[in-house]
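# Report on the structure
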Amino acid sequence: MNIFEQGQALSVAPFYFKEIGDEIQGTYIGKRERGANGQYERDNFNNEIITYELQVPDGVKNVSFTVSKKINEDMKHVNFGQIIGFKYISRDKFFNKKTNKETEF
């Protein structure tokens, strides 16, 4: 089998919460925090972020939160390989399906 002929290309894309009710779920496969230089990644507004990588049916979605958000503390209790989800429930809160808790955003 030749994966370059038979396999599908992997799609990796950011996921953005735009409207209340937006949600994403998938298998937790990775987490990005600090780079090799010891610095956090930054978003378009220059905020330090932590990015959670979720395997979804059509590829990988990157879900980012600023470093100061409580959701990052909650995610320390989640293991790679678990199916998780995030749902935007109000302007300043998310619902973490794995922990079944609202989390301040």
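Note: the structure precedes this text.
So, how was this worked out
- Each chain carries its own residue numbering, running from 1 in the written order of its sequence.
- Confidence filtering applies because this is a predicted model: local features only for residues at pLDDT of at least 70, side-chain atom pairs given and counted only at 80 or more, and all residues used for totals across whole chains, interfaces and linings.
- Side-chain calculation: all heavy atoms of the structure are included, whereas hydrogens and water are not.
- Here the nonpolar core consists of buried residues drawn from Ala, Val, Leu, Ile, Met, Phe, Trp, Tyr and Cys, with membership extended through side-chain atoms lying within 4.5 Å.
- For every residue, the accessible area obtained with a 1.4 Å probe (protein chains only) is divided by the maximum for its type, and the residue is called buried under 20%, exposed over 50%, and partly exposed between those limits.
- Starting at the N terminus, helices and strands are each numbered in turn, a helix being any DSSP run of H or I of at least four residues and a strand any DSSP run of E of at least two.
- Pairs of residues are marked as contacts when any of their non-hydrogen atoms sit within 4.5 Å.
- Being paired, for any two strands, means DSSP has found at least two bridges between them.

## A short note on the nonpolar core
Membership of the largest hydrophobic core comes to 17 residues, with the highest contact counts inside it found for Phe17, Ile24, Leu54, Val63 and Phe86. Only β2 (23-32), β4 (48-56), β5 (59-66) and β6 (83-90) provide two or more residues apiece to this core. Take this core: its biggest share by element is 4 residues, from β4. Setting aside residues no more than four positions away along its own chain, isoleucine 24 makes contact with Phe15, Phe17, Leu54, Val56, Lys61, Val63, Ile84, Gly85 and Phe86.

## So, the pairing of β4
Along β4, 7 of the 9 residues are buried, which leaves the element largely enclosed by surrounding structure. Bridging between β2 and β4 involves 5 bridges; their strand directions are antiparallel. Looking across to β4, one finds that lysine 31 is bridged to tyrosine 52. In the sheet, strand β3 (residues 41-42) pairs with β4 via 2 bridges, with the strands oriented antiparallel. The partner of glutamate 41 across the bridge, within β4, is isoleucine 49. Pairing between β4 and β5: 8 bridges, direction antiparallel. Counterpart to glutamine 55 in the pairing with β5 is valine 60. Count of turn residues in the β4/β5 antiparallel hairpin: 2 residues.

Without other data, these values stay purely geometric and don't point to any function.
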